[in-house]
Amino acid sequence: MTFALSRFTFLCFIAAAGVAVGEDVRSAYTAPGTFPTSVYESYWNDPTVTSAQPQPVISDPATHSVFPEILTDPAHFPKNDTVDPHPLPTALQPSQLLQQAIGQIKSVASNPVLDTCAKCQSSFTIAKMLVLAAPEQGPLLAEAICVYFNYSSTCYNEYSELALGSVFTQVVALGDMSGYDGQLICARLLSLCPVPPTVPLNLTGWFAKPKPSPLPPSKQPSGERLKVLHVSDIHIDPRYATGYEANCTAYLCCRENVWNAASPDHVVLPAPRYGSYLCDTPMSLMLAAMQAIPVLTETEGTGFNFSLFTGDLTAHDPDNQYSRYVFLVVVYDLLKKYVGPPPVYATLGNHDTYMQFQMIPYYLGGPLGNQFNWLYEHVSSLWYHDEWLPMNSVEYAKTHYAAYSIKRPDGLRIISLDTDILNYFSYVNATAPDPFGILRWVTDELQVAEDAGERVWIIGHVISGWDGTQSQLNPTNLCRCLVDRYSPHVIANIFYGHNHEDEFSVFYANNASAMNAETALAVSWISPSLTPLTNLNSGFRMYEVDSVVFFIQPRCSWISRVDEFPSLDNQTNVGPTYFLEYSAREAYGGNITWGMNDPLNATWWHLVTEQMETNITLSQTFRKYQSKSSVKAIPCNETCLTASICYMRSGSASLAYENCPPGYGYT
């Protein structure tokens, strides 16, 4: 193969190699010092000056237009090009946005780089963008995601706009889905994230006054005892169907619309007339309990001095089957007839709202902030009608989450509030310790009581502590601080329901940094339920209370055995038997040095937990009574018993999460 070089290429080559070339070859050129002005017809400036670059006038031969001077002016830089096209995607219709959101969530879910927490929060962030742009698409997204991830076989019933879909849309739109709120939802509702830590409290300015030191002198007991009934979680079921499936596959059982999947055409376990373990309270059981209470407590003809009802009137209906039940009226009427005439101090439960588990901050304003006012107005009006509350308390309750504070003639102040701070809207602004403003009000009421030298009972439904699964961490952390500040000289007792089981929790001073008899401040009494759900007996309790210091002396619990209910069918001679299950002092205090008239206060209950640490039989006794002596109770091993003691010492959910093994809260 041969190569031919041009003369010019050859000359360049030999010049580079240092070879002399002939005189007819030029190896350098010096340009003129003046700009060749003839290149362009005209200029924006003088092209002959040396202080600036020439700016020729340029024209476009295709459009016959002259480009503006500013494009070559060194003193001006355009911020953007306003002439050339900058197209954006075509706006999508709401239904198309929905399909895009579904597709993006599916892509996130299948991304192998992301962990489950990142996938969950990313998906909620996508959902937030959708519902802000097209709120009506939120329920449809919830249904679609429910179907895609196979969360339920009845996704429409559960997540349509007429069920939880509207709530889902509101919470996602209002919450910080990429931050703490989203992580908390993914942790508590879906178990896809770790639970975020409790946010440190800043209590600067929260309390009007510091805690008195020393505390004011204690009041002396009167020796006179009041009888107080505590009933909770009635969950009356107006749709209870005797003879239908009591061992159903899809909850709630003892209904005509449920069955056992292994035997869909034949009833496996017929629902007894008086109730069953996987069912709520039939009217027959409700009346049997109401008839038994006055007799067993020896209050026939007189009634109690007063009673407590810590919430949950209605059945555990699926969300789509909830409504504004007439049985709200029925239950209050029965309580008045059988445990009155003195007042029943009631509070709302998480199942007493429509939709259930709802409580929304008033600060949202408008239709969103006031969407549950109908409920607060209705129940408070019923409390007035039944002569349980005066009008001034009712007027306050109507516009404050059905909360009220009332001073009884005997001097005791009752503070009732909706403690459902694990409702869906509590996931909005979840870093705040008091997103609803309700604890601000409680603090002010406690300060009023302290200034007046009053004793206080606080009643709510959802517990603040125990195993930590039922309340948000940050509000219960503030709740713990309130109890620390105003106990034991103001707060005498705290009462809850919700768990359906017979339990208690102790509050300690100084964030429970030391848990002993000296630091125990207050106790929360967690009432057993009247409903047998789930796998429990039916029960209620009574306290005998000193009429001045309002500490509890004896505390007795009565139960009825649900396993005996089938034998009561097909006859009318006898109904359920309620009987004394146990007295707290006799059951737990045998090895504690404590006077017969000394109160069952936080100190005593802490000493009970100390006894349980060394006496496994006593711990097992507690677990037995926790289930109301149910034959369905799950055996509790040593780890379980240790966890139970930890729950007893956890007045707040934040402490339980920090200190206690999870998973042993229920029997």
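Look above for the structure.
Below: a short report on this structure. Predicted model, so just to flag it, every value in this text is computed and none were measured.

Scoring rules and cut-offs
- Residues numbered from 1 in each chain as written.
- Predicted model: local features only at pLDDT ≥ 70, side-chain atom pairs only at ≥ 80, totals over all residues.
- Heavy atoms only, no water.
- Helix = DSSP H or I, 4+ residues; strand = E, 2+ residues; numbered from the N terminus.
- Rg over C-alpha atoms; globule rule 2.2 N^0.38 Å.
- Contact = heavy atoms within 4.5 Å.
- Areas by Shrake-Rupley, 256 points an atom, 1.4 Å probe, with all protein chains shown as cover.
- Lys, Arg positive; Asp, Glu negative; His and termini not counted.
- Charge placed at Lys NZ, Arg CZ, Asp CG, Glu CD.
- Disulfide = S-S within 2.5 Å.
- Buried < 20%, exposed > 50% of the residue type's maximum accessible area, 1.4 Å probe, protein only.
- Pairing = 2+ DSSP bridges.
- Axes fitted to C-alpha atoms, helices over the stretch in contact; angles between N-to-C directions.
- Polar contact = N/O pair within 3.5 Å; in protein donor to acceptor, adjacent residues only side chain to side chain.
- Phe/Tyr/Trp six-rings, centres within 6.5 Å; stacked < 30°, edge-to-face > 60°.
- Lys NZ or Arg CZ within 6 Å of the ring centre and 35° of its normal.
- Expected span 1.5 Å × (residues − 1).
- Right-handed = clockwise from strand over helix to strand, strands pointing away.
- Salt bridge = Lys/Arg side-chain N within 4 Å of Asp/Glu carboxyl O.
- Patch = residues over 30% accessible without salt bridge, like charges linked within 9 Å, V, L, I, M, F, W, Y side chains within 5 Å.

### Overview of the overall build of the protein
Phase 1 of the analysis: When you go through the protein residue by residue, the secondary structure sums to 19 helices and 14 strands.
Phase 2 of the analysis: By the compact-globule yardstick of 26 Å for 667 residues, the protein is too spread out, its C-alpha radius of gyration being 37 Å.
Phase 3 of the analysis: For the protein, the C-alpha atoms occupy an extent of roughly 135 × 70 × 55 Å along the three principal directions.
Phase 4 of the analysis: Sequence separation of at least 24 residues holds for 71% of the intrachain contacts in the protein that already meet a minimum separation of 6.
Phase 5 of the analysis: For the protein, the computed accessible surface area is about 31000 Å², with 57% contributed by carbon and sulfur atoms.
Phase 6 of the analysis: Taking the average place of the 35 positive charges on the side chains of the protein and the average place of its 61 negative ones, the gap between the two points comes to 7 Å.

### Section: the state of the cysteines
Phase 1 of the analysis: In this structure the tally under the stated criterion is 7 disulfides.
Phase 2 of the analysis: Its sulfur unpaired, cysteine 479 is 9.1 Å from the next cysteine sulfur, which belongs to cysteine 481.
Phase 3 of the analysis: Owing to a relative accessible area of 16%, cysteine 479 belongs among the buried residues under this scheme.
Phase 4 of the analysis: Classification of cysteine 481 by relative accessible area gives buried; the value is 11%.

### Examining the sheet that holds strand 3 (residues 225-231)
Phase 1 of the analysis: Taken in spatial order, the 6 strands line up as 5-4-3-12-13-14 in an open sheet, and their pairing is mixed. At either end of the open sheet lies a strand with only one pairing partner, and these are strand 5 (344-346) and strand 14 (578-583). Each strand of the sheet is rotated relative to its neighbour by a mean of 25°, with strand direction disregarded.
Phase 2 of the analysis: Where strand 3 meets strand 12 (residues 538-546), 6 bridges bridge the pair, whose relative direction is antiparallel. Paired with leucine 226 across the two strands is valine 545, which belongs to strand 12.

### Focus on the side chain of serine 529
Phase 1 of the analysis: Position of serine 529 among the secondary structure elements: in the loop between strand 11 (520-526) and strand 12.
Phase 2 of the analysis: Its relative accessible area of 0% is what places serine 529 among the buried residues.
Phase 3 of the analysis: There is a polar contact of 2.7 Å between the side chain of serine 529 and the backbone oxygen of threonine 531.
Phase 4 of the analysis: Filtering out sequence-adjacent residues up to four positions away, serine 529 remains in contact with Ser232, Asp233, His500, Leu536, Asn537, Ser538, Gly539 and Lys628.

### Concerning the environment of glycine 665
Phase 1 of the analysis: Here glycine 665 shows up in the segment after helix 19 (653-659).
Phase 2 of the analysis: Under the relative-accessibility criterion, glycine 665 is labelled buried at 3%.
Phase 3 of the analysis: Spatially, the C-alpha atom of glycine 665 lies 7.4 Å from that of tryptophan 466, the residues being 199 residues apart in sequence.
Phase 4 of the analysis: Excluding anything up to four places from it in sequence, glycine 665 contacts Trp466, Asp467, Glu501, Glu503, Gln626 and Tyr647.

### Some remarks on the packing of aromatic side chains
Phase 1 of the analysis: Under the criterion given, the structure shown has 32 aromatic pairs.
Phase 2 of the analysis: Cation over ring: arginine 440 sits above tryptophan 206, and NZ or CZ is 4.3 Å from the ring centre.
Phase 3 of the analysis: Its end group placed over the ring of phenylalanine 207, arginine 485 keeps NZ or CZ at 5.9 Å from the ring centre.

### With respect to helix 3 (residues 116-133)
Helical geometry: 3.6 residues make up each α-helical turn, so side chains three or four residues apart lie on a common side.
Phase 1 of the analysis: Taking 1.5 Å as the rise per residue, helix 3 with 18 residues should run 26 Å; its terminal C-alpha atoms sit 26 Å apart, in good agreement.
Phase 2 of the analysis: Buried within helix 3 we find Cys117, Cys120, Gln121, Ser123, Phe124, Ala127, Lys128, Leu130 and Val131.
Phase 3 of the analysis: Where helix 3 is buried, its residues touch helix 2 (94-109), helix 4 (138-148), helix 6 (164-174) and helix 7 (180-188).

### Re the pairing of strand 7 (residues 412-416)
Phase 1 of the analysis: Most of strand 7 is tucked away, with 5 of its 5 residues classed as buried.
Phase 2 of the analysis: Across the two faces of strand 7 the burial is the same, with Leu412, Ile414 and Ser416 and Arg413 and Ile415 all buried.
Phase 3 of the analysis: Pairing geometry for strand 6 (residues 404-407) and strand 7, over 4 bridges, is antiparallel. If you follow serine 405 over to strand 7, its bridge partner there is isoleucine 415.
Phase 4 of the analysis: The antiparallel hairpin formed by strand 6 and strand 7 contains 4 residues in its connecting segment, where glycine 411 sits at a positive phi of about 100°.
Phase 5 of the analysis: Inspection of the sheet shows strand 7 paired to strand 8 (residues 455-459) by 5 bridges, in the parallel sense. Pairing of isoleucine 414 across the sheet is with tryptophan 457, part of strand 8.
Phase 6 of the analysis: For the handedness criterion, the β-α-β arrangement of strand 7, helix 13 (residues 438-452) and strand 8 is classed as right-handed.

### Focus: the pattern of salt bridges
Phase 1 of the analysis: Overall, the coordinates contain 19 salt bridges when judged by the stated rule.
Phase 2 of the analysis: Linking lysine 407 and glutamate 454 is a salt bridge whose minimum nitrogen-to-oxygen distance equals 3.4 Å. Highlighted residues: lysine 407 in strand 6 and glutamate 454 in the loop between helix 13 and strand 8, separated in sequence by 47 residues.
Phase 3 of the analysis: By relative accessible area, which is 47% here, lysine 407 ends up partly exposed.
Phase 4 of the analysis: Here arginine 440 ties to aspartate 444 by a salt bridge, and the two come within 2.8 Å at their closest N and O atoms. Note that arginine 440 and aspartate 444 are positioned in helix 13 at a spacing of 4 residues, about one turn of the helix.
Phase 5 of the analysis: On the accessibility criterion, arginine 440 (27% relative accessible area) is partly exposed.

### Comments concerning the environment of cysteine 479
Phase 1 of the analysis: As for its position among the elements, cysteine 479 is in helix 14 (residues 473-486).
Phase 2 of the analysis: In this structure, the C-alpha to C-alpha distance between cysteine 479 and glycine 465, residues 14 residues apart in sequence, is 9.9 Å.
Phase 3 of the analysis: Leaving out residues up to four positions away in the same chain, cysteine 479 has contacts with Leu439, Ser464 and Tyr496.

### Focus: a nonpolar patch on the surface
Phase 1 of the analysis: Nonpolar side chains collect at one region of the surface, where Phe35, Val39, Tyr40, Ile58, Phe67, Ile70 and Leu71 lie side by side and expose about 600 Å² of accessible area between them.
Phase 2 of the analysis: Its place among the elements puts valine 39 in the loop between helix 1 (7-16) and strand 1 (59-60).
Phase 3 of the analysis: On the basis of relative accessible area, valine 39 is assigned to the exposed category, the value being 51%.

### A word on the side chain of glutamate 245
Phase 1 of the analysis: Note on placement: glutamate 245 falls in the loop between strand 3 and helix 8 (283-296).
Phase 2 of the analysis: Lysine 632 is the oppositely charged side chain nearest to the buried, salt-bridge-free glutamate 245, at an N-O distance of 11 Å.
Phase 3 of the analysis: Among the polar contacts listed, one links the side chain of glutamate 245 to the backbone nitrogen of valine 268, at a separation of 2.6 Å.
Phase 4 of the analysis: If we skip the residues at most four places from it in the chain, glutamate 245 touches Cys253, Cys254, Arg255, Val258, Trp259, Asn260, His266, Val267, Val268 and Leu269.

### Focus: unusual backbone geometry
Phase 1 of the analysis: Of the consecutive residues glycine 340 and proline 341, the connecting peptide bond is found in the cis state with omega at 10°.
Phase 2 of the analysis: Here proline 341 lies in the loop between helix 9 (327-339) and strand 5.
Phase 3 of the analysis: Each neighbour pair has its own omega, and for leucine 533 with threonine 534 the value is 0°, a cis peptide bond.
Phase 4 of the analysis: Examined against the element boundaries, threonine 534 turns out to sit in the loop between strand 11 and strand 12.
Phase 5 of the analysis: In the Ramachandran plot, glutamate 298 falls in the positive-phi region, its phi being about 55° despite a non-glycine side chain.
Phase 6 of the analysis: Along the chain, glutamate 298 turns up in the loop between helix 8 and strand 4 (306-309).
Phase 7 of the analysis: The exposure class assigned to glutamate 298 is exposed, which follows from its relative accessible area of 64%.
Phase 8 of the analysis: If you check the backbone angles, alanine 512 has positive phi at about 55° while not being a glycine.
Phase 9 of the analysis: Take alanine 512: it is sitting in the loop between strand 10 (503-508) and strand 11.

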